[in-house]
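Coordinate analysis (summary)
One letter stands for each residue in the lines below.
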Amino acid sequence: MNFKLKIWRQTNAQTPGKLVDYDVRDISPHTSFLEMLDILNEQLLGRGEEPIAFDSDCREGICGTCALTVNGEAHGPDHPGAVCELYMRKFRDGATITIEPFRVGAFPIVKDLVIDRSPLDRIVQAGGFISARAGSAPEANSILIPKHDADLAMEAAACIGCGACAAACPNGSAMLFTAAKVSHLSLLPQGYPERESRVLKMVRVMDAEGFGNCTNTYECEAVCPAEISASFIAKLNREYARARLRKSAGE
Amino acid sequence: MIGTLDPKIPPGPLAQKWRSHRDHSRLVSPNNRRKFDIIVVGSGLAGGSAAATLGELGYRVKCFCFQDSARRAHSIAAQGGINAAKNYQNDGDSVYRLFHDTIKGGDFRSREANVYRLAEISNNIIDQCVAQGVPFAREYGGLLANRSFGGAQVSRTFYARGQTGQQLLLGCYQALCRQIARDTVRMFPQTEMLDLVIVDGQAKGIITRSLCSGKIDRHAADAVVLATGGYGNVFYLSTNARGCNVTATYRAYKRGALFANPAFTQIHPTCIPVSGEHQSKLTLMSESLRNDGRVWVPKRKEDRDKPPGEIPEQERDYYLERKYPSYGNLAPRDISSRAAKEVCDEGRGVGPGGRGVYLDFADAIKRLGEDTIRERYGNLFEVYEKITGENAYKVPMRIYPAVHYTMGGLWVDYDLMSNVPGLFVIGEANFSDHGANRLGASALMQGLADGYFILPNTLPNYLASQMGKRPSPDFPEFENAENEVRARIERLLTVNGTRSLDSFHRELGVLLWDQCGMSRHEKGLRESLQKIPELREQFWRDVRVLGSDEDFNQSLERAGRVADFLEFAELMCMDALERDESAGAHFREEHQTADGEALRDDEHHAAVFAWEFQGNGQPPKLHREPLRFETVHLTQRSYK
Ligand SMILES: Cc1cc2nc3c(=O)[nH]c(=O)nc-3n(C[C@H](O)[C@H](O)[C@H](O)COP(=O)(O)OP(=O)(O)OC[C@H]3O[C@@H](n4cnc5c(N)ncnc54)[C@H](O)[C@@H]3O)c2cc1C
Ligand code: SF4
Ligand code: FES
C-alpha cells in the first residue's frame, strides 16, 4: 500500500511548526501505524534528514505513551484503541493521512509529535491516591466489596492516562481523566476517608493546570481507548457537590 | 581464578530466617532518615514501591524513569495476575507450597532462603494492594477471587481482569504521587541513568541525561537502588515495551557489580508470530488459550501454505498431544516453546516466514459452542483480530514463542545488595528468585515484595554505618564518570556511517534468537562469540545517528541502548556456553534425556554464575555461588 502523509514538524515549544508532506510506499497492510512511521524514519535517516519524533512504549494499548491525532481524530479511526493498536489495513490504498500531536492548551509540544503531559501527573499528585502505609494494611479479605462495586471501580481504573479525552474535547478539558480516578477511589470503601478532600484538591489542580471546562459534549468518551464511560463525569460532579456541601456545613 | 560468593544468608531454620534477620538488623532512627539521600532508578513495580515506601519512612528519595510519567513503566503491561499463598480457596496452599513450586519451577537454580521469604511476604502484598484500592476481581459475596496458573496445582493467583500489572502499578504510582506531593520523593521522568558513580568502592551516585533537554547531571546519594527491569529486548523482538533496555545494569556491571546468570531468559510459547520484517514488537496471548485450543502443524512441509481448512485431519500433526500424551497442549512453557521451534525448523511452520503453529479452536467450538469460547476468551480473540486481521472463530490462530522475561540480572545477597556496597538491585533487574525459569504470576509478586517489604528493611543495615559519608558531586569520581558519558555520546554522534540503529539491533536479535534462544549448543555459541564483536565493531564504524545531544533526540537515546546490548549479548553467550548443562529455560542440546528433556548437572552446576567485568576486550571473571538445598529434594521434571 502507498500513502501520502502530512506530518506536524516542530523543533520545540518555542518555534512554530508546520505540516510537512511525505510519501511512503509498499507498506504491508499488516504493518501497524507506528511501524509505518518507523519505516518512514528509516528512510529519512537514509536521506540524512532528522527522524520524526513520536512517543510510544508498550505498543499494545496499555501504557498510554502513544498520542497522535490522525486525520483529526485522537488515536485515529479504529476506536476503541490507542494509536499503537491501529493497523494500516484500516486505511485505503493511496490515502492521504494527516498526523498531528494531541492539541491541548495544557500539553505543550516538546518536539514534532511529542507533548508534555505532566499536568496529568500533577492532578493525581493532588490527591488521586489512598494513603496506606506499607506494613499497616489489614488482612485483605477483611474488607468486603460487592462485586458490582469492584467491577465498576475497575472500569474507571482502566484509564491509561493518555490524554486523548482532553485532545478530543473542544474545550481541552481533562474531566474524563479526573473523573475516572475520582470514581475509582470513591467507589471503594478504602477510599472513603479521603473522599471529600480528594475530589476538591484534584479539581482545583485540574483547573489550575489550564484545562478547559466540561460542557458535556462527550467527544472524550468516543475516543477513549480504555472505554471510560462519560457517566463517571456525572459521578465526579456529584462527588464534588457533596464534598462542597459537607465542607460548607463544616464537617 | 574462580572465587566463591557469600550470599550472607541468615542462620537458623528456613521459616525463621527473615524474622530473625530483621530482629538483628541495624536501624536508622526516624529523625536521622531525612539525612540520607537515596537514588531509586526505575518506577515500575519494584522501583515505584521502593521509592514510595522509602519516602514514607522519611528518607529523601530521588526517583528516575525514562518514560514521560512514572505510571508508564513496563510493569503496566503485565496481564495475568499475581500469586500469593493466602489459601483462600481452601485447596491446600501454603507458604511452603508456594516456595516449593517456585524453587521447582526454577529448576533448582535459585536460593532457598530468598524464595522462602518471597512466599512469606506474598500475603502482605495482597493486603497492601487492597488497602491502596487495587480493584482485584471479587466473588459475589465480596471476597477476593482467584484463578489458577501454570506450574501449580492450587488456585492462588489474584487478578484485575487482564490488567493486573496496570492496576498494581497504578497502586504504586499513586503511593509515589502522594510522596511527591509530600516532597519526600523527587521524581525525574524522561531522565536516563547513563553511569554509576563509585567512591571508595561504594555506590554513591549516578550520572543522568535528560531526554528532553540533553542536559547531563550528577546526582550524589548515600545509596543507589536499581529497579530498571529486564533485558529481553536484547533480542530486538520481545513482548517487552520498546524502551526496555540493559543500560543501567550493564553500566553498573562495568563499574564492578557482578552480573548473574545472564543466559537465563524465558521464552513464552503463545505469542502472535512475526508478520514482517518491520515488526517492532511481539504481543503475548494468554497461556490460558491452551486449555481449549489444539496445537498443530501440517505433517508434510508441502502443505504449509495451504489454507488450514483444506488440510484433512489425517494430514495434521498435533505434535504436543503426540509427544506428551498426558500433558498434551498444556505442556509447560519451555517444553511447548521448544517443540514449536522444532517443527518450524523442519520446515512445517505456517504463516509468513514459516514461523508459526496453529492453535485451533474448531473442536472446542464444536463441543462447547462459539458463545462459550467467546465468553472465555473474547477479548483475546479481539486483540488477535486487531493485530492480524483474522477471525480466530473461523480460522485457527497462529502462534509462536517469543522472548518474555529475563531471570538473569545483577547478583545480590540476601539483603538485595550487590557485591558493590551501597548498590541495591530489585525487581526483574536482579537475578534472585526465579532460578532458570520463572513461574507465571510471580514477577509481579517479586517486584512488590522487594520494593514494599524487603528493601525498606535491609537498606538500613547498610545506611547505619554511612552517616555523613555522602560525597559531593564535585568529587573527581563524578567528574570522570561524567566525562566518560559525554565522550560516549560524542562518539555516537560522530560515527556518521550509513546503517540505521534498528538494522544493527535486528541483526543482533536474529543472531541471539538462533544461537542463544530456545535451544543452544556449543558450536553455535562459539560462533556467536565471534560474530558479536564483529557486529559491534561494524556498529562503531558504520552507525548513523542524526541530530544533536542538546535536545530531544530519540535516535541518540536508542543508540546508547543498542551499543550496550551489543556488548551485553556477548556476556549472555559466554554464560550460556559456560553453563554446560540444561536447566529450565536454558536448554543445551548436548544435555538432554533420550526423549529430549532438559538434563541438569547438579553435581557441577548447582550454582549461580556471576560475572565480573575485567576491562574492555578482556574476558570477564567467573564467580560461582554454590546453591545448597537443605529443604527441598532435587528431582528431574517429567511431563510425559
Ligand atoms: C506482556 C507481559 C506480560 C506479563 N505478565 C505478567 C503476569 O501476568 N504476572 C507476572 O508476575 N509477571 C508478568 N510479566 C513480567 C512482569 O511484568 C515484569 O517482570 C515486571 O513488571 C518488572 O517490573 P520491574 O519493576 O522490575 O521493572 P519495569 O516495570 O520494567 O520498570 C523499569 C523501570 O526502570 C526505568 N529505567 C530502566 N532503565 C533506566 C535507565 N537507564 N535510567 C532511568 N530509568 C530507567 C524505566 O523507566 C521503568 O520505570 C509480564 C511481562 C510482560 C512483558
Ligand atoms: S479517560 Fe480515556 S482518553 Fe482520557 S486519559 Fe484516560 S484512557 Fe485516555
Ligand atoms: S504505546 Fe503504550 S499505549 Fe500505545
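The rules behind these values
- Residues numbered from 1 in each chain as written.
- Chains lettered and ligands numbered in written order.
- Predicted model: local features only at pLDDT ≥ 70, side-chain atom pairs only at ≥ 80, totals over all residues.
- Heavy atoms only, no water.
- Helix = DSSP H or I, 4+ residues; strand = E, 2+ residues; numbered from the N terminus.
- Rg over C-alpha atoms; globule rule 2.2 N^0.38 Å.
- Buried < 20%, exposed > 50% of the residue type's maximum accessible area, 1.4 Å probe, protein only.
- Contact = heavy atoms within 4.5 Å.
- Areas by Shrake-Rupley, 256 points an atom, 1.4 Å probe, with all protein chains shown as cover.
- Lys, Arg positive; Asp, Glu negative; His and termini not counted.
- Charge placed at Lys NZ, Arg CZ, Asp CG, Glu CD.
- Polar contact = N/O pair within 3.5 Å; in protein donor to acceptor, adjacent residues only side chain to side chain.
- Near = heavy atom within 4 Å.
- Nonpolar A, V, L, I, M, F, W, Y, C, P; charged D, E, K, R; others polar.
- Buried area = accessible area lost by both parts, 1.4 Å probe.
- Salt bridge = Lys/Arg side-chain N within 4 Å of Asp/Glu carboxyl O.
- Pairing = 2+ DSSP bridges.
- Axes fitted to C-alpha atoms, helices over the stretch in contact; angles between N-to-C directions.
- Domains from an automatic or database assignment.
- pLDDT = per-residue confidence, 0-100.

This brings us to the overall build of chain B. Within chain B, the regular secondary structure consists of 17 helices and 20 strands. Rg of the C-alpha trace for chain B: 24 Å, near the compact-globule value of 26 Å for 640 residues, within the 12% margin. Judged by the C-alpha coordinates and their principal axes, chain B covers about 75 × 60 × 50 Å. The buried share among the 640 residues of chain B stands at 65%. Of the contacts formed within chain B by residues at least 6 apart in sequence, a portion of 73% connects residues at least 24 apart. A total of about 22400 Å² of accessible surface is found on chain B, and carbon and sulfur atoms cover 47% of it.

Attention now moves to the overall build of chain A. Looking only at helices and strands, chain A features eight helices and seven strands. Principal-axis analysis of the C-alpha atoms places the extent of chain A at approximately 65 × 40 × 35 Å. Carbon together with sulfur atoms contributes 49% to the accessible area of chain A, which is approximately 9900 Å² in total. Here chain A contributes 27 positive and 32 negative side-chain charges, whose respective centroids are spaced 5 Å apart.

Here we come to the side chain of T247(B). Residue and element names in this part refer to chain B. Counting through the fold element by element, T247 comes out in helix α7 (residues 247-254). Judged by its relative accessible area of 3%, T247 falls in the buried class. Side chain to side chain, T247 and D564 meet in a polar contact 2.9 Å long. Apart from residues lying up to four places away in sequence, T247 is in contact with M193, L194, G560, R561 and D564.

With that settled, the discussion passes to the site of ligand 1. Residues and elements named next belong to chain B. If you check the shell around ligand 1, you find 38 residues, and the closest are Q67, S75, G80, M193 and E428. Here an oxygen atom of ligand 1 and a backbone polar atom of G80 are 2.8 Å apart. Contact with the protein chains covers 98% of the free accessible surface of ligand 1, which is 1000 Å². For the shell around ligand 1, the secondary-structure elements that each account for two or more residues are α3 (45-57), β7 (191-199), β16 (397-406) and α12 (443-463). The greatest single-element share of the shell around ligand 1, amounting to three residues, is contributed by β7. When grouped by side-chain class, the residues that make up the shell around ligand 1 number 17 nonpolar, 18 polar and three charged.

Here the focus is the site of ligand 2. Residue and element names in this part refer to chain A. Taken together, 13 residues lie around ligand 2, and C159, C162, G163, C165 and C224 are the ones closest in. Only α4 (164-168) and α5 (175-186) provide two or more residues apiece to the shell around ligand 2. The residue inventory of the shell around ligand 2, partitioned by class, reads eleven nonpolar, two polar and no charged.

All names here are of chain A. Assignment of secondary structure puts K4 in strand β1 (residues 3-9). For the pair K4 and A95, spaced 91 residues apart in the sequence, the C-alpha separation amounts to 6.3 Å. Residues within four places of K4 in sequence aside, it is in contact with Y22, D23, A95, T96 and I97.

Of the residues lining the interface, 72 residues belong to chain A; the matching set on chain B comes to 70 residues. Surface buried jointly by chain A and chain B totals about 5900 Å² across both partners, of which 52% is contributed by carbon and sulfur atoms. Linking chain A with chain B are eight salt bridges, by the criterion used here. With a closest N to O distance of 2.8 Å, K281(B) and E60(A) form a salt bridge. If you look at where chain A meets chain B, you find 39 residue pairs in polar contact (both at pLDDT 80 or more). Of all the secondary-structure elements, those providing two or more residues to the side of chain A that touches chain B are α1 (33-46), β6 (109-111), β7 (114-115), α2 (118-125), α3 (147-157) and α5 of chain A.

With that settled, the discussion passes to the sheet that holds strand β4 (residues 73-74) of chain A. The pairing of strands in a sheet comes from backbone hydrogen bonds and takes either a parallel or an antiparallel form. Residues and elements named next belong to chain A. Spatially, the five strands line up as an open sheet ordered β2-β1-β5-β3-β4, and their pairing is mixed. Each edge of the sheet is formed by a strand with only one pairing partner; in this case those strands are β2 (18-24) and β4. Bridge count for β1 against β2 is seven bridges, and the pairing is antiparallel. Bridging from a neighbouring strand, L5 pairs with Y22 of β2.

Our focus in this paragraph is the sheet that holds strand β12 (residues 265-271) of chain B. Residue and element names in this part refer to chain B. Read from one edge to the other, the open sheet built from five strands follows the order β12-β16-β15-β13-β14, with strand pairing classed as antiparallel. The open sheet has two free edges, formed respectively by β12 and β14 (316-317), since each of these has just one partner strand. Bridge analysis of strand β15 (residues 357-360) against β16 gives three bridges, and the strand direction is antiparallel. Within β16, the position partnered with L359 by the bridge is M397. Here helix α9 (residues 333-345) sits on the sheet in contact with β12, β13 (294-298), β15 and β16, set at roughly 70 degrees to β12.

Moving on: the domain arrangement of chain A. All names here are of chain A. Taken as a whole, chain A is organised into domain 1 (3-111) and domain 2 (118-248). For domain 1 versus domain 2, the separation of C-alpha centres amounts to 29 Å. When the two sides are added together, the surface that domain 1 and domain 2 hide from each other amounts to roughly 1200 Å², 71% of it contributed by carbon and sulfur. Counting the surface domain 1 buries against domain 2, the share from its top three residues, P80, A106 and F107, is 34%. Counting the contacts that link domain 1 with domain 2 gives zero salt bridges. Applying the counting criterion to the domain 1 and domain 2 interface returns zero residue pairs in polar contact (both at pLDDT 80 or more).

Let's shift gears to the confidence of the model for chain B. On average, chain B scores 94 in pLDDT, and the residues at 70 or more come to 99%. Interface predicted TM-score (ipTM) for the complex: 0.98; the corresponding pTM is 0.97.

Counted according to the given criterion, the structure contains 72 salt bridges over all chains. Put simply, E139(A) and K86(B) hold a salt bridge, and the shortest N to O gap is 2.9 Å. In this pair, E139(A) sits in the loop between α2 and α3 while K86(B) sits in the loop between β4 (82-83) and α4 (95-105), so the two residues belong to two different chains. We note a salt bridge from R348(B) to D317(B), for which the minimum N-O separation is 3.0 Å. Of this pair, R348(B) sits in the loop between α9 and β15 while D317(B) sits in strand β14, and the two are 31 residues apart along the sequence. The class for R348(B) is buried, based on a relative accessible area of 9%. One network of salt bridges, with partners in common, ties together D107(B), R109(B), R579(B), E581(B), R600(B) and D602(B).

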